[in-house]
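One-letter residues, chain by chain:
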Amino acid sequence: MPDMNTKIELKGEEKVIMALRSLYTSYGYRPYKMSRFEEYDLYAGNKDFLVSGNVITFTDTDGKLMALKPDVTLSIVRSVRDVRNSVSRICYDENVYRVSDRSGTFREIMQAGLECIGDVGLLELAEVAVLAQKSLTTISEKSVLTISHMGIIEAFLKGISSSEIAEEAISALSSRNTQAILSLQQKAPEASDSLESLAHLCSMTGSNKEVLAELETMGADSTSLKELKTVVSLLDPKVARIDFTAVGGMKYYNGMVFRGYVEGVPAAVLSGGQYDRLLQRMGRKSRAVGFAVYLDALERLLEDRREFDVDVVLLYDASADIAQVLKRARALREGGMSVMVLRQVPEGLRYRDLVDLGTKRGGRDA
Amino acid sequence: MLNIALPKGRLGEKVYTMFDKAGFRCPDILSDSRKLVFESISSGVRYFWVKPSDVTVYVERGAADIGVAGKDIIDEYTPDIYELLDLKVGKCRMCVAAKKDFRENPDVTLRVATKFSTIARRYYSSIGREIDIIPLNGSIELAPVLGMSDVIVDIVETGTTLKENGLEVFQTIMPISARLISNKAAFEFKKDEILKIQNRMSAMVEA
């Protein structure tokens, strides 16, 4: 039995995991535990959906090619059945395994997140957006959630007949490169208007209200715009911003796309959106929306910078009565302190207080 | 405080004068010193000099909020950053060059010596040509001279080095110039300052 008086010392990421889990379960999301291994086939068909195309594989005992799970969403989608007029709400905190594209080394990445799968409507979309925002504010007071909508982007892309130009335009949009989008007009003069609109989407940096008004004037896809308007109205304008540079892969994402940032972490810590097309590709009727929080990115931000390694060092020597030493240590722990019992203080150990029980050394018994 | 990574060398100095004109002054930076970090409290900026090919690393990892990097480096390393503005300085071209008398034999694998493996691979795969990349770090022009490669893929500014080694440009892959880049998270948290720099520099480039 753990000593109930002992303070629970959790690492920063562990605290975040617990806070997120209780946030998600309070909205009826049910925790889901997965196996670390999946059949490789699941990923082979949907490689573009994965952040990194490199999957760590191995052969199981009957010769089947298996993978160390590089992603959680695909596993959840596969395990949830289509239900009419209802949704399944699932949350998780899991490790995923990836090969770093740059260095080629294996990485274990801690992720938390949620998926809402089934007859997803505006209410569920809004709820997931609210949860994405709450996830970020749980991590840090200074956070930003950017929201884009693939429906609006795609409607403008329709005027571009060449898929190559469309791809270049999307890639320029995601790197906020307005000039590159406009320069495509030379290659595809017939798509001039569409490219102009995309460049406009790329350079919008005003308040949500201003951006929504601009989208109205531009004649943005009305269904998507209505959806975006409703969802954004439910979010905190200090945290949530409309930003079309958050682009999801069009083979999978069809609606809103989220990216989350917290101050002090150089890359996005949250990513997700509505991905009905992934389910269609898997031959399913459901719609789906969800996001993941990358907890490994937070490691440095939440790093525990304690001044001391331990509160009290209790020194004893060979002549000491062991039972007495342990009793003393226990009494200190019951007073809420962490105690390390030692015969000698190792070099570099940082402690708040030293209690020397050594009788031979004639030490102090404070 | 906005952290700005500048490429060491002539291009960096030229680009600094653009930042200076945009109102982000830090005169110490041009002093003849070995210091790498220069700060101006009044302008709210901290500049640092880094190796040109490392600017994208500093920006992607958030050590710098913004920086200036060549399009060649951005396309070679494809960092996860925003490319905000073409500064239209440091102009040159990414080219395929070979010995003057080179005649390509489409029946054999083309040997390509380069510092830019990603760009070379992407270019040749776009035209469906099988190649053998020979990665080098410098003196690329030597490779075809010694017969180690058939062609090189490299940056050409004036073409003098090529000429002096008996090489000439066969194809231009893309034009190169310096770009203002930004870290994605920094853009969200220092948006006003970054947009101010982007807008003022954009006006300067257009002028």
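Model, not experiment: these values are computed from the prediction.

### Structural notes on the sheet that holds strand 3 (residues 57–59) of chain A
All names here are of chain A.
Item 1. Spatial ordering of the open sheet is given by 2-4-3, a layout of three strands whose pairing is antiparallel. The sheet is open, and its two edges are formed by strand 2 (37–39) and strand 3, each paired on a single side. Within this sheet the neighbouring strands show an average axis-to-axis angle of 40°, counted without direction.
Item 2. Taken together, the three bridges between strand 3 and strand 4 (residues 65–68) define a ladder with antiparallel strand orientation. What sits directly across from Thr57, in strand 4, is Ala67.

### Brief notes about the interface of chain B and chain A
Item 1. At the interface, 20 residues of chain B touch 20 residues of chain A.
Item 2. Looking at the side of chain B facing chain A, the largest losses of area belong to B:Tyr82, B:Glu188 and B:Phe189, adding up to 37% of the total buried there.
Item 3. The shortest N-O distance in the salt bridge between B:Glu188 and A:Arg241 comes to 2.7 Å.
Item 4. The interface formed by chain B and chain A holds seven residue pairs in polar contact (both at pLDDT 80 or more) in total.

### Here we look at the nonpolar core
Item 1. With 100 residues, the main nonpolar core has A:Tyr24, A:Ile153, A:Leu201, A:Leu215, A:Leu228 and A:Phe244 as its most contacted residues.
Item 2. At nine residues, the largest contribution of residues to this core is made by helix 4 (residues 122–139) of chain A.
Item 3. By size, the runner-up hydrophobic cluster in this structure holds 32 residues, among which are B:Tyr16, B:Ile66, B:Leu84 and B:Val205.

### Some details on a nonpolar patch on the surface
All names here are of chain B.
Item 1. On the surface, a nonpolar cluster with roughly 370 Å² of combined accessible area is contributed by Leu142, Val145, Leu146 and Met148.
Item 2. Along the chain, Leu142 falls in helix 5 (residues 142–145).
Item 3. Overall, the relative accessible area of 46% leaves Leu142 in the partly exposed class.

### Quick look at helix 8 (residues 192–203) of chain A
Item 1. In this model, helix 8 of chain A (twelve residues) spans 17 Å end to end at C-alpha, consistent with the 16 Å of a helix rising 1.5 Å per residue.
Item 2. Within the sequence span of helix 8 of chain A, burial applies to A:Ser194, A:Leu195, A:Ser197, A:Leu198, A:Ala199, A:Leu201 and A:Cys202.

### Observations regarding the pattern of salt bridges
Item 1. Enumeration according to the criterion identifies 28 salt bridges over all chains in this entry.
Item 2. Across the pair A:Asp276 and A:Arg287 runs a salt bridge, and its minimum N-O distance is 3.0 Å. Separated by eleven residues along the polypeptide, A:Asp276 in helix 11 (residues 276–281) and A:Arg287 in strand 11 (residues 287–294) bring together distant segments of the chain.
Item 3. B:Arg46 serves as the salt-bridge partner of B:Glu39, at 2.9 Å between the closest nitrogen and oxygen.
Item 4. Here the residues in one salt-bridge network are B:Lys71, B:Asp75, B:Glu83, B:Asp86 and B:Arg179, joined through shared partners.

### Here we look at the environment of B:Val153
Residue and element names in this part refer to chain B.
Item 1. Checked against the element boundaries, Val153 lands in strand 9 (residues 151–156).
Item 2. Classification of Val153 by relative accessible area gives buried; the value is 0%.
Item 3. Val153 sits 130 residues away from Gly23 along the chain, and the two C-alpha atoms are 38 Å apart.
Item 4. Beyond its immediate sequence surroundings of up to four residues, Val153 is in contact with Met94, Cys95, Val96, Val112, Ala113, Thr114, Lys115, Phe116, Ala120, Tyr124 and Ile173.

### Looking at unusual backbone geometry
Item 1. Phi is positive for A:Arg176, close to 55°, though the residue is something other than glycine.
Item 2. Within the secondary structure, A:Arg176 sits in the loop between helix 6 (163–174) and helix 7 (178–187).
Item 3. On the basis of relative accessible area, A:Arg176 is assigned to the buried category, the value being 4%.
Item 4. Within the chain, B:Thr78 stands out as a residue other than glycine whose phi angle is a positive 35°.
Item 5. With respect to the helices, strands and loops of the structure, B:Thr78 is situated in the loop between helix 3 (71–77) and strand 5 (82–86).

### Brief notes about the packing of aromatic side chains
Item 1. The tally for this structure, following the rule as stated, stands at nine aromatic pairs over all chains.
Item 2. Residues A:Tyr24 and A:Phe291 carry aromatic rings whose centres are separated by 6.0 Å and whose planes lie at 75° to one another, so their mutual orientation is edge-to-face. Taken together, the positions of A:Tyr24 in helix 1 (residues 12–26) and A:Phe291 in strand 11 put the pair 267 residues apart, joining distant regions of the chain.
Item 3. For A:Tyr24, a relative accessible area of 1% translates into the label buried.
Item 4. On the numbers, 5.8 Å between centres and 75° between planes, the contact of B:Phe19 with B:Tyr47 is edge-to-face.

### Some words on the environment of A:Val232
All names here are of chain A.
Item 1. Note on placement: Val232 falls in helix 10 (residues 222–233).
Item 2. Separated by 85 residues in sequence, Val232 and Ile147 place their C-alpha atoms 8.4 Å apart.
Item 3. Among residues more than four places away in sequence, those in contact with Val232 are Ile147, Asn208 and Ile242.

### Considering the domain arrangement of chain A
Item 1. Along its sequence, chain A is organised into domain 1 (1–142 + 263–306) and domain 2 (307–361).
Item 2. Each of domain 1 of chain A and domain 2 of chain A has a C-alpha centre, and these two points are 43 Å apart.

### Observations concerning the confidence of the model for chain B
Item 1. Of all residues in chain B, 100% attain a pLDDT of 70 or more, and the chain-wide mean is 94.
Item 2. Here the complex is predicted with pTM 0.86, and the ipTM for its interfaces comes to 0.87.

Analysis parameters
Residues numbered from 1 in each chain as written. Chains lettered and ligands numbered in written order. Predicted model: local features only at pLDDT ≥ 70, side-chain atom pairs only at ≥ 80, totals over all residues. Heavy atoms only, no water. Pairing = 2+ DSSP bridges. Helix = DSSP H or I, 4+ residues; strand = E, 2+ residues; numbered from the N terminus. Axes fitted to C-alpha atoms, helices over the stretch in contact; angles between N-to-C directions. Contact = heavy atoms within 4.5 Å. Buried area = accessible area lost by both parts, 1.4 Å probe. Salt bridge = Lys/Arg side-chain N within 4 Å of Asp/Glu carboxyl O. Polar contact = N/O pair within 3.5 Å; in protein donor to acceptor, adjacent residues only side chain to side chain. Core = buried A, V, L, I, M, F, W, Y, C linked by side-chain atoms within 4.5 Å. Buried < 20%, exposed > 50% of the residue type's maximum accessible area, 1.4 Å probe, protein only. Patch = residues over 30% accessible without salt bridge, like charges linked within 9 Å, V, L, I, M, F, W, Y side chains within 5 Å. Areas by Shrake-Rupley, 256 points an atom, 1.4 Å probe, with all protein chains shown as cover. Expected span 1.5 Å × (residues − 1). Phe/Tyr/Trp six-rings, centres within 6.5 Å; stacked < 30°, edge-to-face > 60°. Domains from an automatic or database assignment. pLDDT = per-residue confidence, 0-100.

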